Amino acid sequence: MAKLYLKFDQSVLKEITLSQASTTIGRLPDNGVQIDNLAVSGHHARITWEKDHYEIEDLGSLNGTYINNERVGKAKLRHCDVVKIGKHEIEFKGDGPAPVAAIQAKTGPSIPKLENTVLLDTRQAQEMHAAKSSAPMATAMAAAATPAKERIGMLSVVEGKTDSDKYILTSKMTMIGKSAMATIRLKGWFAPTSAALISRRENRYFIAPEHKVRVKINGEQVQGQRELAAGDLIEVGKMKAAFSFQD
């Protein structure tokens, strides 16, 4: 199958196999290819299988979609094409077969051959009906008894100048920087306008540097996107903050 290689500064961040007939690219978590960068629109572009090839279509993005440095609205993708979206690049490797989902959409799902119907006696039918009725109820009761616990992340500033010493990360996107749009506001003449972006997906948090700003986790520089764990020490410019989960 065809594949996409998401890159930033020539480093491969992720490899995506195109197994569906259509895949969207954008900043929001519901995209098949998510790019956590403010230069990328929520739903930026879409890659679609068309008869015998893939096409990419810009979805009215603010910064546009480029193939081999040429801006496009809709264009055919060729093997080794480089798609530029925001500050990220996506290399297309399209020398594989068509996606299974596209083939099924054209031919229709296969219908399994059914065995001959067996006549049940009344007692046996009643027992099977009772078993089927009780199974979903038991599953629902078990699910209700053990609800998924929501985990909310928190940053506690231990060094550096910010507008607060503690931040509760309830939003899907949290920007760190000097910008008025930033949730975590950095202070100082040389503080970057947009330094990093923290994204929340279900009960997990991820951080990614912005505009080549150096971000460190436990003293190690972050390349691309990295998941945060409780106890991590984040360094952005002159700010140091400890990541944890609320009790």
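In case you missed it, the structure is sitting above this.
Scope of this entry: the structure provided in the associated data block. Sequence positions are assigned chain by chain, starting from 1 and proceeding in written order. With pLDDT at 70 or above as the cut-off, local features in this predicted model cover only qualifying residues; side-chain atom pairs require 80 or more to be listed or tallied, and sums for whole chains, interfaces and linings still use all residues. As a convention, hydrogens and water are excluded, and side-chain values are obtained from all of the structure's heavy atoms.

Numbering of helices and strands runs from the N terminus; a helix is a DSSP stretch of H or I covering at least four residues, while a strand is a stretch of E covering at least two. In terms of regular secondary structure, the chain is built from two helices and 22 strands. Any residue under 20% of the maximum accessible area for its type is buried, any over 50% is exposed, and the rest in between are partly exposed; the area is computed with a 1.4 Å probe on protein chains only. The buried share among the 247 residues of the chain stands at 37%. By definition in these notes, contact holds between two residues if any of their heavy atoms fall within 4.5 Å. Sequence separation of 24 or more characterises 37% of the internal contacts of the chain that already satisfy a separation of 6 or more. About 15200 Å² of surface is accessible on the chain, with carbon and sulfur atoms providing 52% of the total. Shrake-Rupley sampling with a 1.4 Å probe provides the accessible areas, and residues are treated as covered by the protein chains on show and by no other component.

The next thing to look at is the sheet that holds strand β4 (residues 33-34). Only strands joined by at least two bridges in the DSSP assignment are considered to pair. Pairing is mixed across the open sheet formed by five strands, whose spatial order is β4-β3-β5-β6-β9. Bordering the open sheet on either side are β4 and β9 (74-76), each of which pairs with just one other strand. Relative to strand β6 (residues 53-58), strand β5 (residues 45-50) is paired through six bridges, and the arrangement is antiparallel. Each residue of the ladder has a partner; that of Ala45, found in β6, is Asp58.

Another aspect to go through is the nonpolar core. The criterion is simple. A nonpolar core is a set of buried Ala, Val, Leu, Ile, Met, Phe, Trp, Tyr and Cys residues joined through side-chain atoms within 4.5 Å. Core analysis: the largest hydrophobic core is formed by 25 residues, its most contacted members being Leu155 and Ile234. Going through the elements one at a time, β12 (153-159), β13 (166-169), β16 (196-201), β17 (204-209), β18 (215-217), β21 (233-236) and β22 (239-245) are the ones with two or more residues in this core. The leading source of residues in this core is β22, at four residues. Non-local contacts of Leu155, meaning those with residues more than four positions away in its chain, are made with Asp165, Lys166, Tyr167, Leu169, Ile184, Ile198, Ile234, Ala241, Ala242 and Phe243. Judged by nonpolar contacts, the second largest core, of 22 residues, contains Leu4, Ile25, Val72 and Leu77.

Considering the arrangement of structural elements, one finds Ser41 in the loop between β4 and β5. Through-space distance from the C-alpha of Ser41 to that of Asn63 is 7.8 Å; in sequence the pair is 22 residues apart. In contact with Ser41, other than residues within four places in its own chain, are Gly26, Arg27, Ser61 and Leu62.

Glancing now at the sheet that holds strand β15 (residues 184-185). A sheet is described by the order of its strands in space; here five strands give the open sequence β15-β14-β16-β17-β20, paired in mixed fashion. Edge strands, defined here as strands with exactly one partner in the open sheet, are β15 and β20 (226-227).

This part takes up unusual backbone geometry. Positioned with a positive phi, Asn68 is a non-glycine residue whose angle comes to about 50°. For Asn68, the location among the structural elements is in the loop between β7 (65-67) and β8 (70-72). On the basis of relative accessibility, which here comes to 44%, the residue Asn68 falls in the partly exposed class. Not every positive phi belongs to a glycine, and Asn218 is a case in point at roughly 55°. Position of Asn218 among the secondary structure elements: in the loop between β18 and β19 (220-221). Asn218 sits in the partly exposed class, given a relative accessible area of 47%.

Along the polypeptide, Asp36 turns up in the loop between β4 and β5. You can call Asp36 buried: its relative accessible area is 9%. Whenever a nitrogen or oxygen atom comes within 3.5 Å of another N or O atom, the pair is scored as a polar contact, on the condition that within protein one atom can donate a hydrogen and the other can accept it, and that pairs from neighbouring residues in sequence are kept only if both atoms are in side chains. A distance of 2.9 Å separates a polar atom in the side chain of Asp36 from a polar atom in the side chain of Ser199. At 3.3 Å, the side chain of Asp36 forms a polar contact with the side chain of Arg201. If near-sequence neighbours (up to four positions away) are discounted, Asp36 is found in contact with Arg27, Met173, Leu197, Ser199, Arg201, Ala208, Glu210 and Gln225.

Moving on, we get to the pairing of strand β3 (residues 22-26). Note that β3 and β5 share four bridges and pair antiparallel. Looking at the pairing, Thr24 lines up with Arg46 of β5. Here β3 runs beside β4; their pairing, made up of two bridges, is parallel. Paired with Gly26 across the strands is Gln34, a residue of β4.

All right, on to the environment of Ala196 then. Within the secondary structure layout, Ala196 lies in strand β16. It is 4.9 Å that separates the C-alpha atoms of Ala196 and Glu210, two residues lying 14 residues apart in sequence. Not counting chain neighbours up to four residues away, the residues in contact with Ala196 comprise Thr174, Met175, Ile176, Ile207, Ala208, Pro209, Glu210 and Val215.

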